[in-house]
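Spelled out from the first residue to the last, the chains are:
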Amino acid sequence: MIGLNRCLMPKFLRTYGNTFESIQIALNAYDRDVKDGKFPSENESYHESFSGAETVKNPTRISGRKYRLTSGKVQPLTKAG
């Protein structure tokens, strides 16, 4: 009825919208912005202030690498860090 499933179109159903295509366009745009580093921007991010370069007790693992929070930004840990 709202166009979520393009493959299932029973003859007793009237489609009033194409939400499948709208959702697909939105998700592809989001994916592109994240991969291109356009999202999130500085205006779309929250920042916490830290005194100095404090390391988070449980560093986050992203793609098998460890990260720490330094001056409000997530930084990859170096071999020495």
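If you're wondering where the values come from, they're calculated on a predicted model, not measured in any experiment.

What follows is about the overall build of the protein. The secondary structure content of the protein amounts to 1 helix and 3 strands. For the protein, with 81 residues in total, the buried portion stands at 7%. Residue pairs at least 24 apart in sequence account for 4% of intrachain contacts in the protein once pairs closer than 6 positions are excluded.

The next subject is helix α1 (residues 19–35). When the terminal C-alpha atoms of α1 are compared, their 24 Å separation across 17 residues agrees well with the 24 Å that a helix rising 1.5 Å per residue should span. At the exit of α1 stands G37, carrying a positive phi of roughly 75°.

Let's shift gears to the environment of F39. Position of F39 relative to the elements: it lies in the loop between α1 and β1 (61–62). Under the relative-accessibility criterion, F39 is labelled partly exposed at 33%. The residues contacting F39, other than those within four sequence positions of it, are Y30, D33, V34 and E44.

The omega torsion of the bond from F39 to P40 falls at 0°, within 30 degrees of zero and hence cis. The topology assignment puts P40 in the loop between α1 and β1.

Okay, the packing of aromatic side chains next. Counting across every chain of the model gives 1 aromatic pair. Their ring planes at 65° and their centres at 5.8 Å tell us that Y30 and F39 sit as a pair that is edge-to-face.

This brings us to a nonpolar patch on the surface. Taken together, the side chains of M1, I2, L4, F12, L13, Y16, I23 and L27 make up a nonpolar region of the molecular surface, amounting to roughly 910 Å² of accessible area. Secondary-structure assignment places L27 in helix α1. Note on L27: relative accessible area 53%, which makes it exposed.

It is worth spelling out the confidence of the model for the protein at this point. Residues of the protein with pLDDT of at least 70 account for 58%, and the chain-wide mean is 75. Averaged pLDDT values for the elements of the protein fall to 52 in β1 and rise to 94 in α1.

Rules and cut-offs
- Residues numbered from 1 in each chain as written.
- Predicted model: local features only at pLDDT ≥ 70, side-chain atom pairs only at ≥ 80, totals over all residues.
- Heavy atoms only, no water.
- Helix = DSSP H or I, 4+ residues; strand = E, 2+ residues; numbered from the N terminus.
- Buried < 20%, exposed > 50% of the residue type's maximum accessible area, 1.4 Å probe, protein only.
- Contact = heavy atoms within 4.5 Å.
- Expected span 1.5 Å × (residues − 1).
- Phe/Tyr/Trp six-rings, centres within 6.5 Å; stacked < 30°, edge-to-face > 60°.
- Patch = residues over 30% accessible without salt bridge, like charges linked within 9 Å, V, L, I, M, F, W, Y side chains within 5 Å.
- Areas by Shrake-Rupley, 256 points an atom, 1.4 Å probe, with all protein chains shown as cover.
- Salt bridge = Lys/Arg side-chain N within 4 Å of Asp/Glu carboxyl O.
- pLDDT = per-residue confidence, 0-100.

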